[in-house]
Amino acid sequence: MKTILFTLAIVLMSNLSFSQSKIGYKYNYEIKFDVTQFANKEPRNTVRKFVDHIFEVQNQKFNVQTRYNEKGILFISSNTTIDKCTVETFFHAEKSEILSFELKPTRFESKETKSNVAQN
């Protein structure tokens, strides 16, 4: 009985990890800010408002993940595209300025590019 439970636990764990890897995010964005503009604000609240704004504008369900660091960089991973205009509109309304908005390649794309360069 213990072996059956143990085997089922292993199968369940492997299925969960496989399904998590399939979710993956297709688009990775990096938004840079001047840190001083958030001196009197809580960055966590601004990021939450920003995510809510994206959901309102997109008007569809999608996965999104955000990370913010002390250097003033907001990392966004999503399985749908996010327009620069949407980002600028939100932060303009918040009386904040973005320094840059960049789409970063996913891990899969960057590996593929490296292998293509190596073959040429």
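This structure is a prediction, so every number in the text was calculated from the model and none was measured. (Residues numbered from 1 in each chain as written. Predicted model: local features only at pLDDT ≥ 70, side-chain atom pairs only at ≥ 80, totals over all residues. Heavy atoms only, no water.)

A. Molecular detail of the overall build of the protein. The secondary structure content of the protein amounts to 4 helices and 4 strands. In the protein, the order of α-helices and β-strands from amino to carboxyl end is α-β-α-β-β-α-β-α. Evaluated residue by residue, the protein yields a buried proportion of 25% over its 120 residues. Within the protein, counting contacts between residues at least 6 apart in sequence, those at least 24 apart form 68% of the total. Put simply, the protein shows about 9,200 Å² of open surface, and 55% of that area lies on carbon and sulfur atoms. (Helix = DSSP H or I, 4+ residues; strand = E, 2+ residues; numbered from the N terminus. Buried < 20%, exposed > 50% of the residue type's maximum accessible area, 1.4 Å probe, protein only. Contact = heavy atoms within 4.5 Å. Areas by Shrake-Rupley, 256 points an atom, 1.4 Å probe, with all protein chains shown as cover.)

B. Layout of helix α3 (residues 84–93). Those residues of α3 that fall on the buried side of the exposure criterion are Thr86, Val87, Phe90 and Phe91. In a view along the axis of α3, the buried residues occupy a sector of 120°, so they form one face of it. Turned more than 90 degrees away from the buried face of α3, the exposed residues are Cys85, His92 and Ala93. Looking at the buried residues of α3, the elements they touch are β1 (27–33), α2 (43–58), β3 (73–78) and β4 (98–104). Once α3 finishes, Lys95 follows within two positions and takes phi at roughly 60°, a positive value. (Arc of directions from axis to C-beta.)

C. View of the packing of aromatic side chains. Evaluation of the coordinates by the stated rule reveals 6 aromatic pairs. With a centroid separation of 5.2 Å and an interplanar angle of 15°, the aromatic rings of Tyr29 and Phe101 are classed as stacked. Of this pair, Tyr29 sits in strand β1 while Phe101 sits in strand β4, and the two are 72 residues apart along the sequence. On the accessibility criterion, Tyr29 (5% relative accessible area) is buried. With 4.9 Å between their ring centres and 85° between their planes, Phe90 and Phe91 make a pair best called edge-to-face. Residue classification places Phe90 among the buried residues on the basis of a relative accessible area of 8%. Of the aromatic side chains, those joined through ring pairs into one cluster are Phe33, Phe50, Phe90 and Phe91. (Phe/Tyr/Trp six-rings, centres within 6.5 Å; stacked < 30°, edge-to-face > 60°.)

D. Broad picture of the nonpolar core. With 16 residues, the main nonpolar core has Ile31, Phe50, Leu74, Val87 and Phe91 as its most contacted residues. Elements with a minimum of two residues in this core: β1, α2, β3, α3 and β4. Those residues in contact with Val87 that lie beyond four places of it in its chain are Ile31, Phe50, Ile82, Ile98 and Phe101. (Core = buried A, V, L, I, M, F, W, Y, C linked by side-chain atoms within 4.5 Å.)

E. Examining the pairing of β3 more closely. For β3, a buried count of 5 out of 6 residues is recorded, marking the element as mostly surrounded by other parts of the structure. Pairing analysis gives 6 bridges linking β1 to β3, with the strands arranged antiparallel. Within β3, the residue paired with Asn28 across the bridge is Ser77. Where strand β2 (residues 64–68) lies against β3, 5 bridges are found, and the strand directions are antiparallel. Bridge assignment links Gln65 to a residue of β3, and that residue is Ser77. Taken together, β2 and the strand that follows it, β3, pair antiparallel across an intervening segment of 4 residues, in which Gly72 is found at a positive phi of about 90°. (Pairing = 2+ DSSP bridges.)

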